[in-house]
Amino acid sequence: VCSDVHVISSGINAEYGGRTVTATNFLKILKGHHVSGGSGKVINSKSNDVVFINFADHGGPGLLAFPDDELHVADLTRILKELHEARKYKQMLWYVEACYAGSMFADSLTADMNITAHTAANADESSYACVLDEDMDVYLGDCWSLNWMNNTEQIFPRLYSETVGQQYDIVKKMTTESHASIYGDMQVIYNEPISTFLGHGPKPATATPPVTLTAEEMYKTSIQTPDIMLDYLRRKRAKTDDENEAQELDIQIQYHEVTEEKVQVVLDMIAIDVTGSIETAYLTKKEAVRIDDAICNKAALDTFFGACYRSQTHPYILKYVSTLTKLCNRYQTEDIVKSVLKYCTVNN
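Everything in this summary refers to the structure shown in the same document. Everything numeric here is computed off the predicted structure, so don't read it as measured data.

## Looking at the pattern of salt bridges
Going through the model one piece at a time under the given rule, you end up with 18 salt bridges. Ionic pairing is found between Asp292 and Arg290, a salt bridge with its closest N-O pair at 2.6 Å. Here Asp292 falls in the partly exposed class, since its relative accessible area comes to 46%. Overall, the relative accessible area of 33% leaves Arg290 in the partly exposed class.

## Brief notes about a nonpolar patch on the surface
Taken together, the side chains of Met136, Val138 and Leu140 define a hydrophobic patch exposed on the protein surface, amounting to about 280 Å² of accessible area. Relative to the helices and strands, Val138 is located in strand β8 (residues 138–142). Here Val138 falls in the partly exposed class, since its relative accessible area comes to 36%.

## Here's the deal with the pairing of β8
Inspection of the sheet shows strand β7 (residues 128–133) paired to β8 by four bridges, in the antiparallel sense. Residue pairing for β8: Cys130 is matched across the bridge by Gly141. Between the end of β7 and the start of β8, which pair antiparallel, lie four residues, with Asp137 showing a positive phi angle near 60 degrees.

## Examining unusual backbone geometry
Residues Phe156 and Pro157 are joined by a peptide bond in cis, for which omega reads 5 degrees. The residue Pro157 is located in the loop between α3 (143–155) and α4 (164–174) in this model. If you check the backbone angles, Tyr100 has positive phi at about 60 degrees while not being a glycine. The buried category is assigned to Tyr100, whose relative accessible area is 6%. A positive phi angle, near 60 degrees, is found at Asp137, a position not held by glycine. Structurally, the position occupied by Asp137 is in the loop between β7 and β8. On the accessibility criterion, Asp137 (11% relative accessible area) is buried.

## Side note on the state of the cysteines
Cysteine pairs can be covalently joined through their sulfur atoms, and such a bond is termed a disulfide. Per the counting criterion, the structure on display carries three disulfides. Residue Cys130 pairs covalently with Cys143 via a disulfide, S to S 1.8 Å. An S-S torsion of about 85 degrees defines the bridge between Cys130 and Cys143 as right-handed. Residue Cys130 is located in strand β7, and its partner Cys143 is located in helix α3; the two are separated by 13 residues in the primary sequence.

## Focus: the sheet that holds strand β5 (residues 91–97)
Strand-to-strand pairing in sheets goes through backbone hydrogen bonds, with the strands running parallel or antiparallel. Strand order in this open sheet of four strands is β1-β5-β6-β9, and the pairing throughout is mixed. Every interior strand has two partners, whereas the edge strands, β1 (50–56) and β9 (181–184), have only one. Each strand of the sheet is rotated relative to its neighbour by a mean of 15 degrees, with strand direction disregarded. Of the strand pairs in this sheet, strand β6 (residues 115–119) and β9 are connected by four bridges, and their pairing is antiparallel. Bridge pairing links Thr116 to Gly184 in β9.

## Notes on the side chain of Ser181
For Ser181, the position within the fold is in strand β9. For Ser181, a relative accessible area of 11% gives the class buried. Within the structure, Ser181 has its side chain in polar contact with the backbone oxygen of His179 (distance 2.9 Å).

## A look at helix α2 (residues 73–85)
In a regular helix each residue adds 1.5 Å, so 13 residues correspond to 18 Å; α2 covers 18 Å between its end C-alpha atoms and thus fits that length. Next to the buried residues of α2 lie α1 (23–31), β4 (70–72), β5, β6 and α10 (294–307). Of the residues one or two after α2, Arg87 is the one with positive phi, at around 55 degrees.

## Side note on the environment of Asn151
The residue Asn151 is located in helix α3 in this model. Sequence-wise, Asn151 and Thr110 are 41 residues apart; in three dimensions their C-alpha atoms are separated by 28 Å. Other than its neighbours up to four places away in sequence, Asn151 contacts Glu162, Gln167 and Ile170.

## Here we look at the packing of aromatic side chains
Taken as a whole and assessed by the stated rule, the structure comprises 11 aromatic pairs. When the centroid spacing of 6.5 Å and the interplanar angle of 55 degrees are considered together, the rings of Trp144 and Trp148 count as tilted. Of this pair, Trp144 and Trp148 both sit in helix α3, four residues apart, roughly one helical turn. Each member of the pair, Trp144 as well as Trp148, carries the same accessibility label: buried.

## Details of the sheet that holds strand β3 (residues 63–65)
With antiparallel pairing, three strands are arranged side by side in an open sheet as β2-β3-β4. Strand pairing shows two members of the sheet lacking a second neighbour, β2 (59–60) and β4, which therefore form its edges. Here two bridges tie β2 to β3, and the two strands are oriented antiparallel to one another. Within β3, the position partnered with Gly59 by the bridge is Leu64. Most of the contacts of α10 go to β4, to which it runs at about 165 degrees, and overall it touches β3 and β4.

Rules and cut-offs
- Residues numbered from 1 in each chain as written.
- Predicted model: local features only at pLDDT ≥ 70, side-chain atom pairs only at ≥ 80, totals over all residues.
- Heavy atoms only, no water.
- Salt bridge = Lys/Arg side-chain N within 4 Å of Asp/Glu carboxyl O.
- Buried < 20%, exposed > 50% of the residue type's maximum accessible area, 1.4 Å probe, protein only.
- Patch = residues over 30% accessible without salt bridge, like charges linked within 9 Å, V, L, I, M, F, W, Y side chains within 5 Å.
- Areas by Shrake-Rupley, 256 points an atom, 1.4 Å probe, with all protein chains shown as cover.
- Helix = DSSP H or I, 4+ residues; strand = E, 2+ residues; numbered from the N terminus.
- Pairing = 2+ DSSP bridges.
- Disulfide = S-S within 2.5 Å.
- Axes fitted to C-alpha atoms, helices over the stretch in contact; angles between N-to-C directions.
- Polar contact = N/O pair within 3.5 Å; in protein donor to acceptor, adjacent residues only side chain to side chain.
- Expected span 1.5 Å × (residues − 1).
- Contact = heavy atoms within 4.5 Å.
- Phe/Tyr/Trp six-rings, centres within 6.5 Å; stacked < 30°, edge-to-face > 60°.

Shown next as structure tokens:
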């Protein structure tokens, strides 16, 4: 699955692309249900099948972002429980590169579900992009993903020589900007060789040695993933000699800088409105991220994205919406949603 089929290498076909890459279709694929559009292929797994899922995109507290919508922890948890109860897999391993990725699994996976999730970040932080290519003007990868892929390439084709747990320990030490985390089954899958999930085979005669970067090379240009868009605009502005392009970039940069500040103010006003006092709002915002009420979290975030700003066009807002998650742990859903609509309408 790829949101932009143009980035796929020659000879590799994306089963789904563009507007077919949605949270709804993703869950249908997991369940083995029919999907309109794309290739129509789904994971029609049985009780003895092993499933590996690698997800990379933006994330927030209790959500994974898709090109046009979000997958909420409430829905993912429900589907994973249904798959477990229906015996649609033997073991399932998730590798998730996203900000706040740990919040998707920290309170939802139990050991008896036979699922393990290895995430780029814990439940309360951003993940990071690394290795800026000055010529192409893009970050070549996310730090944690680059680390686990590089480690896998180093031991290929002997993937049976390293367990899921061993790779987690290695990659956790390599990943210094965020806290790589692991959830779920820590007994069986944790001790399975990586080859159980990634397979193995003869090493190609023309294999290219893995590119090994030092920690200094890896992290000297690292950046929080939600900040990449603004960083790109600023770098593009610094390089341009075209006066018209410079003016247009200045307008875009100013808009997003002002909007990022506005989002923080709006969320502060919502917190004060819901809690009833500045002091209580402040204390609530200082709490660690946890998902006590996944249904409220989904309702509050969906309302904010719909009435205020979308995460796809304003990714930096994902650094701040945990305020709504924390409110959901203490206050009524309807009060939070009402407040979001009130202040988003006023400020847009």
